[in-house]
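The primary structure of each chain is shown beneath.
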Amino acid sequence: QDLLDPCLSSHRMQQLMDSESNLLKFLNQTFSDRAKLSGESHYEKLSRSASRFLAVLPENNNDVVDPLRTFLGIKRFLSYYGKFFTHKKDKDVFGAVQRSLEKQKMKYPDKASLGYSIDAILRLMTAYDLDFDGMENSSGVSLSSEDKKNIMQRAKEFGLEAKGSGNGKKFIEKKSRHQVTDTDMTKYNNLCRLSRHNSYTPDNRLSCSYAKGLSGLAVWKQEVLSRDPYIAVFYDVITKREATSIMNTGAKILEGSGVMGKNKTSLLHHRLSASSWLWDNHTDTTLNLSRRVEEITSLRTEFRDHGTLAEPFQIVNYGLGGHYFPHMDYHLQHVIDAQYGVLENSGDRLATFMYYLSDVKEGGATVFPELSVAIFPVKLSAVFWYNFKIDGERDTRTLHGACPVMGGQKWIATKWIRQLSGGLSSTCELSETPPPFFR
Ligand SMILES: O=C(O)CCC(=O)C(=O)O
Ligand SMILES: [Fe+2]
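Residues numbered from 1 in each chain as written. Chains lettered and ligands numbered in written order. Predicted model: local features only at pLDDT ≥ 70, side-chain atom pairs only at ≥ 80, totals over all residues. Heavy atoms only, no water.

K.L.:
Looking at this structure, I do not really get the packing of aromatic side chains. What am I missing?
P.N.:
Evaluated as defined, the whole model comprises 25 aromatic pairs. Residues Phe84 and Phe85 carry aromatic rings whose centres are separated by 6.4 Å and whose planes lie at 65 degrees to one another, so their mutual orientation is edge-to-face. Residue classification places Phe85 among the buried residues on the basis of a relative accessible area of 6%. Ring plane angle 45 degrees and centroid distance 6.2 Å describe the contact between Trp277 and Trp416, whose orientation is recorded as tilted. Of this pair, Trp277 sits in strand S7 (residues 273-278) while Trp416 is found in strand S17 (residues 411-418), placing the two residues 139 residues apart along the sequence. For Trp277, a relative accessible area of 40% corresponds to the partly exposed category. A network of ring pairs unites the aromatic residues Phe31, Tyr43, Phe53, Phe77, Tyr80, Tyr81, Phe84, Phe85, Phe94 and Tyr108 as a single cluster. One Lys or Arg, Arg349, reaches over the ring of Trp416 and ends 3.8 Å from the middle of that ring. Above the plane of the ring of Phe313 lies Lys415, whose end atom (NZ or CZ) is 4.4 Å from the centre. (Phe/Tyr/Trp six-rings, centres within 6.5 Å; stacked < 30°, edge-to-face > 60°. Buried < 20%, exposed > 50% of the residue type's maximum accessible area, 1.4 Å probe, protein only. Helix = DSSP H or I, 4+ residues; strand = E, 2+ residues; numbered from the N terminus. Lys NZ or Arg CZ within 6 Å of the ring centre and 35° of its normal.)

See the structure below:
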């Protein structure tokens, strides 16, 4: 399994920051032992700098990493701690450090990591319209002028337009370089910003009610955000214990889901996060959570010989600045044509059901630009929508994206329900009656 860059997952980043003081204690001890053994002053010096770094380590991580701290942390690993390992004889010590990170399935931060962390800062500054002041205020740490110069240099490389000066410097994406139109990109950004300033409650929340499940036993709170296309949020539909369990299971096998296409520069990445796939039989929790999707949506999700009715859960942990640009969940015809057979048994992604496994401290909303719907993740809730119209046509209005994560952790578990599930071939009059759980 590939080792994950810590910047792609805030969970890995948290682990990295948590292991920092242990790393320094280890280096301090190792080099001081070597100094005693060999009497070389080189080791004496290394041991002293390790304890110096240990002394000025940020006091605690508050269990929440944020973009500037992430950047500064990566920088410490790369430029300062990296210097410990330049001596040929120290390669084995570096090996030991690397192996301890490998145990947590992550790689020692490298130049690419530093690039990712700078890109995260730029992504957040452009998406949330923040200047250096705004970033520093929200993180509670300040950057050196050299750091800012590096960030400005990177912005220039990406063709971002700079505005303002000093700490009032902002960056603007001149035009969208993604598959999304400029209009949709603007709407996406505007919806994302609602969550940051929190000054506006969407008035398109059409109805709040209690809803009853397929079996008639379960009851939950439901908020319908759009009737056509149908989008609803369900509250407290997963327990804390289940959320923790599925996050722990997923965390062990996270892989980068950031690389799309040939362009490996992260600022242009369509999607930046880490994810893993969990089948129903992975644990009791995955099975129970799939059953609950059926209970709530009246759509079937099980695996069948001739094709699965739904995909396994996709567990996603975003990194800081991690996002997903506006996209459709269904497959486009040219993709289907290219991968003939992939969809023939199960059909396309009829509907999306997404559990929010965590609250997100800042940012990270799920937004639908064409519908002006923004959903701010609430732990233990879930969002559900249909990607197809009732007549079987793809519904382009379901364009949606994930806003960049500004602080804290964003974890989701998504189940895509395939057309074979038969949700739309209900016994109701299709022209008149919405799906059963509407009523
Ligand atoms: O993370 C989100 O809020 C949305 C994720 C999404 O759209 C997807 O995984 O297809
Ligand atoms: Fe999506």
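K.L.:
What's the story with the pairing of strand S10 (residues 349-356) in this structure? I'm lost.
P.N.:
Taken residue by residue, a regular strand's side chains alternate between the two faces of the sheet. Summarising burial for S10: eight of the eight residues are buried, a large majority. Of the strand pairs in this sheet, S10 and S17 are connected by seven bridges, and their pairing is antiparallel. Within the sheet, the bridge partner assigned to Phe353 lies in S17 and is Lys415. In this structure, S10 lies alongside strand S14 (residues 382-386), joined through five bridges in antiparallel fashion. (Pairing = 2+ DSSP bridges.)

K.L.:
I'm lost on the side chain of Thr70 in this one. Help?
P.N.:
Position of Thr70 relative to the elements: it lies in helix H3 (residues 67-80). A polar contact of 2.8 Å, which involves the side chain of Thr70, links it to the backbone oxygen of Asp66. Every residue in contact with Thr70, bar those within four places of it in the chain, is listed here: Met13, Met17, Val65, Ser117 and Leu320. (Polar contact = N/O pair within 3.5 Å; in protein donor to acceptor, adjacent residues only side chain to side chain. Contact = heavy atoms within 4.5 Å.)

K.L.:
Looking at this model, I keep getting lost on helix H5 (residues 111-127). Mind explaining?
P.N.:
Helical geometry: 3.6 residues make up each α-helical turn, so side chains three or four residues apart lie on a common side. Over its 17 residues, H5 runs 24 Å from end to end, which matches the ideal 24 Å to within 8%, given 1.5 Å per residue. With 14 of its 17 residues buried, H5 lies for the most part within the structure. With a side-chain oxygen positioned 3.1 Å from the backbone nitrogen of Ala112, the residue opening H5 is Asp110. Trailing H5 by a residue or two, Asp129 shows a phi angle of about 55 degrees, which is positive. (Expected span 1.5 Å × (residues − 1).)

K.L.:
Any chance you could explain the sheet that holds strand S15 (residues 400-402) here in plain terms?
P.N.:
Within a beta sheet, neighbouring strands are joined by backbone hydrogen bonds and run either parallel or antiparallel to one another. Taking strand neighbours across the sheet as the criterion, the four strands line up as S9-S15-S12-S13 in an open arrangement whose pairing is antiparallel. In the strand order of this sheet, the two ends are held by strand S9 (324-327) and strand S13 (373-375), each with one partner. The mean angle between the axes of side-by-side strands here comes to 10 degrees, regardless of whether they run parallel or antiparallel. With two bridges connecting them, S9 and S15 associate as antiparallel partners. For His327, the partnering residue across the bridge sits in S15 and is His400. (Axes fitted to C-alpha atoms, helices over the stretch in contact; angles between N-to-C directions.)

K.L.:
Just to check I follow, could you spell out the sheet that holds strand S4 (residues 219-226) for this structure?
P.N.:
With antiparallel pairing, nine strands are arranged side by side in an open sheet as S3-S4-S5-S14-S10-S17-S8-S7-S6. The strands lining the two open edges of the sheet, one partner per strand, are strand S3 (207-212) and strand S6 (255-256). Relative to S17, strand S8 (residues 313-318) runs antiparallel, the two sharing four bridges. Paired with Ile315 across the two strands is Ala413, which belongs to S17.

K.L.:
Sorry, what's going on with the pattern of salt bridges here?
P.N.:
Between side chains of opposite charge, a pair can form as their charged atoms come close. Throughout the structure, instances matching the rule amount to 19 salt bridges. A salt bridge links Glu40 to Lys89, with the shortest nitrogen-to-oxygen separation between them at 3.0 Å. Here Glu40 is found in the loop between helix H1 (10-38) and helix H2 (41-55), whereas its partner Lys89 is found in the loop between H3 and helix H4 (91-103), with 49 residues between them in sequence. Here Glu40 falls in the partly exposed class, since its relative accessible area comes to 28%. Of the charged contacts, one joins Glu311 and Arg418 as a salt bridge, the two residues approaching to 2.8 Å between their closest N and O atoms. Taken together, the positions of Glu311 in the loop between helix H10 (284-297) and S8 and Arg418 in strand S17 put the pair 107 residues apart, joining distant regions of the chain. (Salt bridge = Lys/Arg side-chain N within 4 Å of Asp/Glu carboxyl O.)

K.L.:
Can you help me understand the environment of Ser226 in this one?
P.N.:
One can find Ser226 in strand S4. Here Ser226 falls in the buried class, since its relative accessible area comes to 8%. When the C-alpha positions of Ser226 and Leu371 are compared, they lie 7.9 Å apart, and in sequence the two are 145 residues distant. In terms of polar contacts, Ser226 uses its side chain to reach the backbone carbonyl oxygen of Pro229, at 2.6 Å.

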